Amino acid sequence: MTTRCLVTGAGGQVGLDLIRVLRARGFDVHGSDIAPRPGPAQLDDDVPWHSLDVTDADAVESLFSKVRPHRVFHLAAILSARGEEVPQRTYHVNQTGTVNVLETCRKLEVERVIFTSTIAVFGPGLPELVPDDVPLQPTTMYGVTKVAGEMLGDYYWRRFGLDFRAVRFPGLISASLPGGGTSDYALFMYTDGVRLGHYEAFCRADTRIPLMYMPDGIRALVELSEAPRGSLRRSTYNIAAFSPTAEQIAASVSTAIPGVKITFAPDAHRQAILDSWPRVLDDDNARQDWGWQPEFTLDQMTEALVPKIRALIEQNPELFERDH
Ligand code: SER
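Residues numbered from 1 in each chain as written. Predicted model: local features only at pLDDT ≥ 70, side-chain atom pairs only at ≥ 80, totals over all residues. Heavy atoms only, no water.

S.K.: Looking at this structure, I do not really get helix 7 (residues 214-226). What am I missing?
M.R.: Turn by turn, an α-helix covers 3.6 residues, leaving residues three or four places apart pointing in a common direction. An ideal rise of 1.5 Å per residue puts 18 Å on 13 residues; helix 7 measures up with 19 Å between its terminal C-alpha atoms. Burial analysis of helix 7 places 10 of its 13 residues in the buried class, the great majority of the element. (Helix = DSSP H or I, 4+ residues; strand = E, 2+ residues; numbered from the N terminus. Expected span 1.5 Å × (residues − 1). Buried < 20%, exposed > 50% of the residue type's maximum accessible area, 1.4 Å probe, protein only.)

Here you go:
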């Protein structure tokens, strides 16, 4: 029987790429989001798409009962920067939404739930290399709700046997619109670099956080979802790829976009969030338990990404325009 996967928040930065990869592996994939169905350039016509507000418990249960997924990839969330503009709504979407998804999966005996956590679960006072288990002291509502999501998922696993698995993503970079994250300065160097030839980053040049190219992030989700449960010693795993300073990203961008001018004008609020996050993640447990390994280095990402962004901007010059 074909494995059926349901993705929540499927219209976001991770979801559309994840759907493509899951389909290429032969799964029957359903997308759901509060946002309307993306156009045919982004999503194949034959992917079933469902309108879903994850804060509505009845709607979650009704959709999941209809689709009957074997695996749920729960991505629906409001990210850190956007989340600080609307913290109450962020609590509702990220926290209530996650409880609703877990509770429905428990009731319907869904085989596996895969959850996307984040470097934003961490807070100030971290060691240089951050392992999975340190005190979690997030400073953003996004981080607070993701810590709770990790813990709830682990509780559902221990208490009810719901097979819950999560990765803590670094800042993800891809040739698509980002969704209101604080790590977006890294992508804007590429998109504004291609569009305008310059970008003023909202962080200091020495800012350093873990980053990852999207194809590695998607592969991590798929590989974790397929690992034998018996090999997993925990529910949530750090995963890492590279940790350049903002200045090093700028230098890499300038190898692919000659003459690009990247400057730095830190925004106090966003800088404080970035300074509270890990500089480098220790992903040893993921490597040991399910063989995690990143493929892309910063420069390999730059080489792959810039032509993709150029092509997208040629097709749609307004695509990466924004007012900040
Ligand atoms: N990219 C995310 C953010 O900046 C981090 O998980 O909010």
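S.K.: Would you explain the nonpolar core in this entry?
M.R.: For soluble globular proteins, the rule of thumb is that nonpolar side chains tend to be buried together. By size, the foremost hydrophobic cluster in this structure holds 43 residues, and its most contacted members are Tyr185, Met189, Tyr190 and Ile249. At the level of elements, helix 5 (141-160), helix 6 (184-196), strand 9 (198-201), strand 10 (211-213), helix 8 (246-256), helix 9 (268-276) and helix 11 (298-315) are the ones that each hand at least two residues to this core. Counting residues per element, this core draws most heavily on helix 6, which supplies 7 residues. Apart from the residues lying within four places of it in its own chain, the contact partners of Tyr190 are Ile249, Ser252, Val253, Ile257, Leu298, Met301, Thr302, Leu305, Val306 and Ile309. Ile19, Ile114, Ala220 and Leu221 belong to the second-largest nonpolar core, a separate cluster that totals 33 residues. (Core = buried A, V, L, I, M, F, W, Y, C linked by side-chain atoms within 4.5 Å. Contact = heavy atoms within 4.5 Å.)

S.K.: Could you clarify how one ought to interpret the site of the ligand in this entry?
M.R.: Within the structure, the ligand sits among Leu79, Ser80, Thr118, Tyr142, Gly181, Thr182, Ser183 and Trp277. A distance of 2.5 Å separates an oxygen atom of the ligand from a polar side-chain atom of Ser80. Thr182 is positioned with one of its backbone polar atoms (N or O) 2.6 Å from an oxygen atom of the ligand. Relative to its free-state accessible area of 230 Å², the ligand is covered by the protein chains to the extent of 93%. When grouped by side-chain class, the residues that make up the shell around the ligand number 3 nonpolar, 5 polar and no charged. (Near = heavy atom within 4 Å. Polar contact = N/O pair within 3.5 Å; in protein donor to acceptor, adjacent residues only side chain to side chain. Areas by Shrake-Rupley, 256 points an atom, 1.4 Å probe, with all protein chains shown as cover. Nonpolar A, V, L, I, M, F, W, Y, C, P; charged D, E, K, R; others polar.)

S.K.: Whenever I open this one, the packing of aromatic side chains confuses me. Can you help?
M.R.: One pair of aromatic rings is described through two measures. These are the centre distance and the angle between the planes. Inspection of the entire model under this criterion finds 9 aromatic pairs. Where Phe115 meets Phe164, the ring centres are 5.7 Å apart and the plane angle is 35°; that geometry is what we call tilted. Placement of the pair is Phe115 in strand 5 (residues 112-118) and Phe164 in strand 7 (residues 163-169), with a sequence separation of 49 residues. Each member of the pair Phe115 and Phe164 is classed as buried. Between the aromatic rings of Tyr155 and Tyr156, the centroid separation amounts to 6.1 Å while the plane-to-plane angle is 75°, which identifies the pairing as edge-to-face. Among the residues examined, Tyr156 registers a relative accessible area of 8% and is labelled buried. Among the aromatic residues, ring-to-ring pairing joins Tyr155, Tyr156 and Phe160 into one connected group. We note Arg106 situated over the ring of Phe160; from NZ or CZ to the ring centre the distance is 5.1 Å. The ring of Phe202 has Arg270 lying over it, and the distance from NZ or CZ to the ring centre is 3.9 Å. (Phe/Tyr/Trp six-rings, centres within 6.5 Å; stacked < 30°, edge-to-face > 60°. Lys NZ or Arg CZ within 6 Å of the ring centre and 35° of its normal.)

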